[in-house]
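Fold and contact review
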Amino acid sequence: MPVISFVTPKGGAGKTTTAILVACELAERGRSVIILDADPNQPITDWATKPIAPPAGVKVVSGVDQNNILDSLDDSVTKADWVLIDVEGSANLAANYAIAGSDAVIIPAQKSQTDARQAVRAVKLVRDASKAQRRAEIPHALLFTRTSSIVAGVQRDVVDALSRFPTISVELAERSAYQAIFAYGGDLRSLPARTGGNVAKAIENAGAVTDAITALASAATSARDAA
């Protein structure tokens, strides 16, 4: 089954948010998903223990680190349609193992100079992991997150600077509903009515991002199986 890692060294870039949204959208489509929480801060474990439980079909494995990530991954791929890994994007063994075991790696980044620098670091991690395994380059792509319809000149400069790297065609917009799931738990469809914001638009955006990310991973899996 496809394995996707979400990697970035910078906090606040949207790594965990993206992983949760993709997992919940896949569950909405009837797929089973296991998320390995390999971020030392355990943000997905925190989300999963909020008052609203994760959707049926989503299981979170907590406490994943360099000592158990390979065993956790081997076990998970036999039990779910999709395996997602939320991993700290620094140059450590857990990140390297996660990347090496993935069919695709997603690198979330805001359109800022700071995020751009860290995204480049994450790309290098992916490419180094590919070389270490003596395998073709692991499919990867940047995902612009927390975007708005108003684009300043500095944001255009960031996009231009990162244009040499593969990029997901859909951007994850800035939506209050995305932040609300960390307060209440659950997914976009189970948020309390008092949450406010345009939840329908958030669901539409999350679905489009999920389509683009899973298409990348599915293509990589097909290519791997055909090799």
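Residue indices follow the written sequence of each chain, beginning from 1 at its first position. Residue-level local features of this predicted model are given only where pLDDT is at least 70; pairs of side-chain atoms are given and counted only at 80 or more, and the full residue set underlies all totals for whole chains, interfaces and linings. Side-chain figures throughout are based on the complete set of non-hydrogen atoms in the structure, without hydrogens or water.

Taking 1.5 Å per residue, 20 residues should reach 28 Å; helix H5 (residues 113-132) reaches 29 Å between its end C-alpha atoms and fits that length. All of the buried residues along H5 are Asp115, Ala116, Gln118, Ala119, Ala122, Val123, Leu125, Val126, Ala129 and Ser130. On the buried face of H5, the contacting elements are strand E1 (3-8), helix H4 (93-100), strand E5 (104-109), strand E6 (140-147) and helix H6 (153-161). Backbone geometry just downstream of H5 places Arg134 in the positive-phi region, at approximately 55°. We count a stretch as a helix when DSSP gives it H or I for four or more residues in a row; a strand needs E for two or more, and each element gets its number in order from the N terminus. Take the residue count of a helix, subtract one, and multiply by 1.5 Å to get its expected span. Categorising residues by exposure relies on relative accessible area from a 1.4 Å probe, with only protein chains included: less than 20% of the type maximum marks a residue as buried, more than 50% marks it as exposed, and the intermediate range marks it as partly exposed. Whether two residues are in contact is decided by their heavy atoms, any of which lying within 4.5 Å being enough.

Further remarks concern the confidence of the model for the chain. Note: predicted coordinates in regions of low pLDDT should not be interpreted at a detailed level. Here the chain averages 92 in pLDDT, while 97% of its residues score no lower than 70. Mean pLDDT values over the elements of the chain span from 84, in H6, up to 98, in strand E3 (residues 58-61). Residue-level confidence of the predictor is what pLDDT reports, using numbers from 0 through 100.

With that out of the way, let us pick up the packing of helix H1 (residues 15-28) against helix H7 (residues 176-184). In a pair of packed helices, the angle between the axes and the distance between the axes together describe the arrangement. Angles shown run from 0 to 180 degrees and are taken between the N-to-C directions of axes, each axis being a line fitted to C-alpha atoms and, for helices, limited to the stretch in contact. Between H1 and H7, the shortest axis-to-axis distance is 11 Å and the interhelical angle comes to 85°. Considered as vectors, H1 and H7 are oriented roughly perpendicular to each other. Of the residues in H7, those in contact with Thr16, Thr17, Ile20 and Leu21 of H1 are Tyr178, Ile181 and Phe182. In the contact of H1 with H7, the residues fall into five nonpolar, two polar and no charged. In what follows, roughly perpendicular refers to angles from 65 to 115 degrees, roughly parallel to angles under 35, roughly antiparallel to angles over 145, and oblique to any angle outside these ranges. Side-chain classes are defined by residue name, with Ala, Val, Leu, Ile, Met, Phe, Trp, Tyr, Cys and Pro counting as nonpolar, Asp, Glu, Lys and Arg as charged, and the others, Gly among them, as polar.

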